[in-house]
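One letter stands for each residue in the lines below.
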Amino acid sequence: METKMPFYNVLNMLLIGFILIVSVCIAFPSLAVNLIKNDIVVGLSDGGDVMLMTFVFTVAYEVGYIINRLSSVLLEELFKKTKVIPYIDDYRKYNEVKKEYPVMDILSREYALSRTNIMLFLIIVVVEAFAKKFILALIAFACVTLFFFSCRKHAMKITNLMR
């Protein structure tokens, strides 16, 4: 059995990673300047733009992937325990329903993406608050709220189909 990672997932991990990296650079511009002037980065750029871009994309992907996993491990458990988001923990039933309703794949993917964005913007809230950029922290918190309701909406649709 061959398992492939969909382009959609790769793109989302990259975007999530880039958004966090840019947010940190906005919060701490001197850190960004020091990083650009760092010997390692300068050495990579001496090897050509392709090497530097590969490094940047790899770091962004890994950052996005870590945020995705954090949301799965931390937020998913929090949502289950507090019951703020409906959840039916029966993968066999999910697969049976998915045969009848192929839209389950899309709903599940959108749920996971919303959950990942909640984690991303929670991290950004902390970063921006730590940098004393409270307006940006407030905007990030608004995004947390938006994605929470999106996540809840998709979870409700999934659980309704499973019932």
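How each quantity is defined
- Residues numbered from 1 in each chain as written.
- Predicted model: local features only at pLDDT ≥ 70, side-chain atom pairs only at ≥ 80, totals over all residues.
- Heavy atoms only, no water.
- Helix = DSSP H or I, 4+ residues; strand = E, 2+ residues; numbered from the N terminus.
- Buried < 20%, exposed > 50% of the residue type's maximum accessible area, 1.4 Å probe, protein only.
- Contact = heavy atoms within 4.5 Å.
- Areas by Shrake-Rupley, 256 points an atom, 1.4 Å probe, with all protein chains shown as cover.
- Salt bridge = Lys/Arg side-chain N within 4 Å of Asp/Glu carboxyl O.
- 1 Å grid on protein atoms, 1.4 Å probe; cavity = no way out; pocket = protein on both sides within 12 Å on 5 of 7 lines; lining within 4 Å.
- Points joined across faces, edges and corners; volume = space filled by probe spheres on them.
- Nonpolar A, V, L, I, M, F, W, Y, C, P; charged D, E, K, R; others polar.
- Core = buried A, V, L, I, M, F, W, Y, C linked by side-chain atoms within 4.5 Å.
- Phe/Tyr/Trp six-rings, centres within 6.5 Å; stacked < 30°, edge-to-face > 60°.

Engineer: I keep staring at the overall build of the protein chain and nothing clicks. Help me out?
Structural biologist: Regarding its fold elements, the protein chain presents seven helices and zero strands. Overall, the protein chain shows an N-to-C arrangement of helices and strands of α-α-α-α-α-α-α. A buried classification covers 31% of the 163 residues belonging to the protein chain. Considering only intrachain contacts with a sequence separation of at least 6, the fraction spanning at least 24 residues in the protein chain is 79%. When the accessible surface of the protein chain is split by element, carbon and sulfur atoms take 69% of a total near 10,700 Å².

Engineer: Can you help me understand the pattern of salt bridges in this one?
Structural biologist: Where side chains of opposite charge bring their charged atoms close, a pairing between them can arise. Tallied over the entire structure, the rule returns four salt bridges. We note a salt bridge from R115 to E76, for which the minimum N-O separation is 2.7 Å. With a gap of 39 residues between them, R115 in helix α6 (residues 103–130) and E76 in helix α4 (residues 49–82) connect regions that are remote in the sequence. Here R115 falls in the buried class, since its relative accessible area comes to 8%. Two residues, K98 and D105, come together in a salt bridge whose shortest N-O distance is 3.7 Å.

Engineer: Help me understand the layout of surface pockets in this model?
Structural biologist: Unfilled space is identified by rolling a water-sized probe across the atoms. For the largest pocket, the calculated volume is near 990 Å³. Listing elements by their share of the lining of the largest pocket, those giving two or more residues are α1 (7–27), α4, α5 (91–100), α6 and α7 (134–162). The element that contributes the greatest number of residues to the lining of the largest pocket is α6, accounting for eight residues. A class-by-class count of the residues in the lining of the largest pocket yields 18 nonpolar, eight polar and nine charged.

Engineer: What is the right way to read the side chain of T116 from this model?
Structural biologist: Inspection of the secondary structure puts T116 in helix α6. For T116, the contacting residues outside a window of four places in its chain are I16, I67, N68 and S71.

Engineer: What am I meant to see in the nonpolar core here?
Structural biologist: Among soluble globular proteins, nonpolar side chains are generally buried collectively. Ranked by size, the top nonpolar core spans 24 residues in total, and within it F79, Y111, L120 and F121 carry the most contacts. Elements supplying a minimum of two residues to this core: α1, α4, α5, α6 and α7. With near-sequence residues (within four places) excluded, L120 lies in contact with I16, I19, L20 and I67.

Engineer: Where do I start with the packing of aromatic side chains in this structure?
Structural biologist: Aromatic ring pairs are described here by two measures, namely the spacing of the ring centres and the angle between the planes. For the coordinates displayed, the defined rule picks out six aromatic pairs. On the numbers, 5.3 Å between centres and 90° between planes, the contact of F18 with F57 is edge-to-face. Residue F18 is located in helix α1, and its partner F57 is located in helix α4; the two are separated by 39 residues in the primary sequence. Note on Y61 and Y65: the rings are 6.2 Å apart at their centroids and 10° apart in plane angle, and the pair reads as stacked. Of this pair, Y61 and Y65 both sit in helix α4, separated by four residues, roughly a single helical turn. For Y61, a relative accessible area of 18% gives the class buried. Put simply, the rings of F79, F148 and F149 pair up and form one aromatic cluster.

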